[in-house]
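# Survey of secondary and tertiary structure
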Amino acid sequence: MESGSYRFDDPKTRAVKNQAGEFTLNLVKALLQTGWYSPEHSLARAATEDLFRQFHSLTEGERDLSYVLVSTVDERGVMIDGLLPEPIEVAKALRGILGDHFVAKFHDYFIRNQIASFTVKRRITEDEFKRFLNLWVTWASKTAHAEAGHAVMSDELTVAGILSVTVVGMDEVPGARRHLPWPVKVALGRLRKDLRRIPMLRDADEATLARLKVEVIEDVVRPLSRPSLIVDLLLNADLVAEGQDVVTPAGVEDGMVQTLGVEMVHKAARLLNETLARVHDQGARREDLPGWEPEEYRSTLDRVTRKVLVRLAEADFSDAHGLLQKAYSQGLIDLDTLPEDLRNRIRSSELTDWFLKDPNAFYRDFANAATPAAYRRYASLVKFILPELVGRGEVRPLTAILAILHRHLNEPHPSFPGREDFARDLLRHFEEAGHIDRAVDLAVKTTKEGRGGLVRGLILFRESIVPALLLHLVRSQDASVRKAALSMLEQVGAPAAPFIVAELQAHRHPWYVVRNLVVLLGSVADPHDEAATRAVSEYRDHPRPQVREACLEALVRIQGPAAGAHLAPFLDDPEPHIVRRAVHHAGAVRYSDPAFVRRLLAMLAPSPPRRPAGTTPPVEARKDLAGEALASAVLSALARYGPDLLVTVPEVESTLCGLVRRPSAAGRLLSRLGLRRRLPTDLVVQAVQALGSFGGPMSERVLDDLARRGPEPVRQAAAEALARVRGRRNP
């Protein structure tokens, strides 16, 4: 019987409670022979089978059914235990089914026969249940005048060979002198009683008796869900063995420990370890330990704790590794008993402590290892200490070891043949052991000044570090961490590209992460990488201009001279500076698609005339400036083309000549009246320079006129452009 937290209004709980009430009512009726048939009656067999089915349904899921007396005064003092985390009052279970009379009778039956607990085990067979029921219906009369009715019941059960029913008398409950909780006393009493009955079985061999002992312990211990009760049972196992030769205290302890599930062992081990630490710090006083001698208690506590820790180590429960490591440091468990992973970790920690006392000597000897045998010796130590160095955040020694491996992989003249294979094996071991992510985490969170060497070392792992770096890049809220991850990914280079493409194709990141990924992909992707090009192009229409500009730059980097075909969509971007960048890149790669060049020429069309000075609204003024900046970008781009441009788009020459040609008298008059927009002088100069790059005979005539009669800035530019045009005609 134990307490825990669960809901009585839960449907499953209500169903168990109702089933328990119905079964208990029928059992009490049989006891009192009220509405029950004698074993000889023709309907007795059917009634027995029905009651067994009720019991089997009630105890499914490997639950034993116990009735426990908790009060000798209160008529409601009998509880149904073992079915739920908390006991069920018989009175509440029978409420609503006219059970008040039977509740009082049942309680009186327990008091009169001095019964502390009465248990029917889940594994009882139908034949055994039938024989038990035949005895049950006779006990009311047989025990009416007996001084210890529970003894009569126990004797008859034993004689009948019924081991699946246990009756524990009040005088059989141990632990009074130790002031144990009642649930612990009842469990100890039941365990003691069942173990005593085993030798009474006739014709049972040693194997059967051993199996029954295990089952008895399992039946009592396994259903318990409170670690404190388990600990109390373990520490008081001597009360079970007291006065009998069937088992020893150590045997009971061992049986309990082996029966428990690993999670319960873990919880019990934590409680025991805390108790042991408290006793060690504060001592054990006799007044705090009723029924114990202090030294005896300390000895028992130490022995039980060690047994539980060994069981925990044998189970290799990963959640308990921290507790086991602490226990090892306290001397409670041997190193060889611990799970292999934990054992290696502890050895790593101890070796790392030794290594850090004088790392320089190790660096020197490892770097200069001249034979395979020497290298293996140092490599075995490195395999142990590298993970520990990462875990401790020891950047300097970790960096030094990785630098040595980098040197061993790249030195043209190794100290012995095959040394690079040994170095690669070390890197592979570190990677396969799962330490890469922690090392990357350490690198990106180390200051920029301190992580340089560590980064160079981690780059040795190439694409293996990419997933961890991308995780920091897309999830970290720390800009410095994102920047560090970005830098490391750039150093990894092309092997990182497929991972970045996959992240972009997922379409799950905020705009600033997308921008970083696009920029990064443009930096690391191989030239003309089609997968990278498609991934970037998907974000060409992103609502954020920062992302669209990053897409433009990345496409130019990836496609190089072939980037022209990807530039046209950016000419329609609402952000003028992105349009100008697209125009700039078109000039850089000399993209001469006729339709594209004609769009550039359209951007040179003069704007409507300016308003008189001081009357131009600010918005229109900004538009004028943006238009001039775009025209400047177009002219700068056209200046990069050669004469071949006239072959594909011949009208480009006449368009630029029309822009720079000196106006006629009528044109000058219209300009003065504000009825015609004149091209600013600086743009005229740019247009003249562009004509010098690709112009032909038409350009030569216009440039000659400007060189002789144009304004001063234009005159000089025209003279230089004219010389270039004539130089192409007369090389």
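The structure under discussion appears in the preceding block.
Residues numbered from 1 in each chain as written. Predicted model: local features only at pLDDT ≥ 70, side-chain atom pairs only at ≥ 80, totals over all residues. Heavy atoms only, no water.

### A look at the nonpolar core
Here is the rule: Take the buried residues of types Ala, Val, Leu, Ile, Met, Phe, Trp, Tyr and Cys, join any two whose side-chain atoms come within 4.5 Å, and each joined set is a nonpolar core. Only protein chains enter the calculation, and the probe is 1.4 Å; a residue is then buried if its accessible area is under 20% of its type maximum, exposed if over 50%, and partly exposed in between. Numbered from the N terminus, helices here are DSSP runs of H or I no shorter than four residues, and strands are runs of E no shorter than two. A contact between two residues is defined here by any heavy atoms of the two lying within 4.5 Å.
Residues Ile-465, Leu-521, Val-583, Leu-638, Leu-656 and Val-688 are the most contacted members of the largest nonpolar core, which totals 126 residues. With 10 residues, helix 17 (residues 372–392) is the largest single contributor of residues to this core. Each residue touching Val-688, except ones within four places of it in the same chain, is listed here: Val-660, Leu-703, Leu-706, Val-714, Ala-717, Ala-718 and Ala-721.

### Observations concerning the packing of helix 8 (residues 206–221) against helix 11 (residues 249–259)
Formally: With axes taken as lines fitted to C-alpha atoms, and helix axes fitted only over the stretch in contact, angles between N-to-C directions fall between 0 and 180 degrees. Angle categories are assigned with fixed cut-offs, so that under 35 degrees is roughly parallel, over 145 is roughly antiparallel, 65 to 115 is roughly perpendicular, and the rest are oblique. By definition, turning the near helix anticlockwise from the far helix through less than a right angle yields a left-handed crossing, and turning it clockwise yields a right-handed one.
Interhelical geometry of helix 8 versus helix 11 gives an angle of 60° and a closest axis separation of 9 Å. As the angle between them shows, helix 8 and helix 11 are arranged oblique. Remark: the crossing between helix 8 and helix 11 carries right-handed chirality. Residues Ile-217, Glu-218 and Val-221 of helix 8 form the contact with helix 11, whose own contacting residues are Val-252, Gly-255, Met-256 and Thr-259.

### Thoughts on the pairing of strand 2 (residues 78–81)
For the record, the criterion: Two strands form a pair only when DSSP identifies at least two bridges running between them.
Because side chains alternate across strand 2, one face comprises the buried residues Val-78 and Ile-80, and the other comprises Met-79 and Asp-81, equally buried. Here strand 1 (residues 65–69) runs beside strand 2; their pairing, made up of 4 bridges, is antiparallel. Bridge pairing links Val-68 to Met-79 in strand 2. Bridge analysis of strand 2 against strand 3 (residues 88–89) gives 2 bridges, and the strand direction is antiparallel. Looking at the pairing, Met-79 lines up with Glu-89 of strand 3. Between strand 2 and strand 3, which follow one another and run antiparallel, lie 6 residues, and Gly-82 among them has a positive phi close to 100°.

### Focus: the environment of Leu-235
Within the element layout of this structure, Leu-235 appears in helix 9 (residues 227–235). Residue class for Leu-235 comes out buried when judged on its relative accessible area of 7%. Considered as a pair, Leu-235 and Thr-300 are 65 residues apart in the sequence and their alpha carbons are 6.5 Å apart.

### With respect to the sheet that holds strand 3
The 5 strands are arranged 3-2-1-4-5 in an open sheet whose pairing can be described as antiparallel. Each end of this open sheet is capped by a strand with a single partner; those strands are strand 3 and strand 5 (165–169). With 5 bridges joining them, strand 4 (residues 115–120) and strand 5 adopt antiparallel strand pairing. Each residue of the ladder has a partner; that of Phe-118, found in strand 5, is Val-167. Seen against the sheet, helix 7 (residues 182–197) touches strand 1, strand 4 and strand 5 and runs at an angle of roughly 120° to strand 5.

### Brief notes about the packing of helix 34 (residues 681–694) against helix 36 (residues 712–729)
When two helices pack together, their arrangement is given by the angle between the helix axes and the distance between those axes. Using the following cut-off: Residue polarity is assigned by list, with Asp, Glu, Lys and Arg as charged and Ala, Val, Leu, Ile, Met, Phe, Trp, Tyr, Cys and Pro as nonpolar; anything else, Gly included, falls into the polar class.
For the pair helix 34 and helix 36, the least separation of the axes is 7 Å and the interaxial angle reads 10°. It follows from the interaxial angle that helix 34 and helix 36 lie roughly parallel. Residues Thr-681, Val-684, Val-685, Val-688, Gln-689, Leu-691, Gly-692, Ser-693 and Phe-694 of helix 34 form the contact with helix 36, whose own contacting residues are Pro-713, Val-714, Ala-717, Ala-718, Ala-721, Arg-724, Val-725 and Arg-728. Grouping the constituent residues of the contact of helix 34 with helix 36 by class yields 11 nonpolar, 4 polar and 2 charged.

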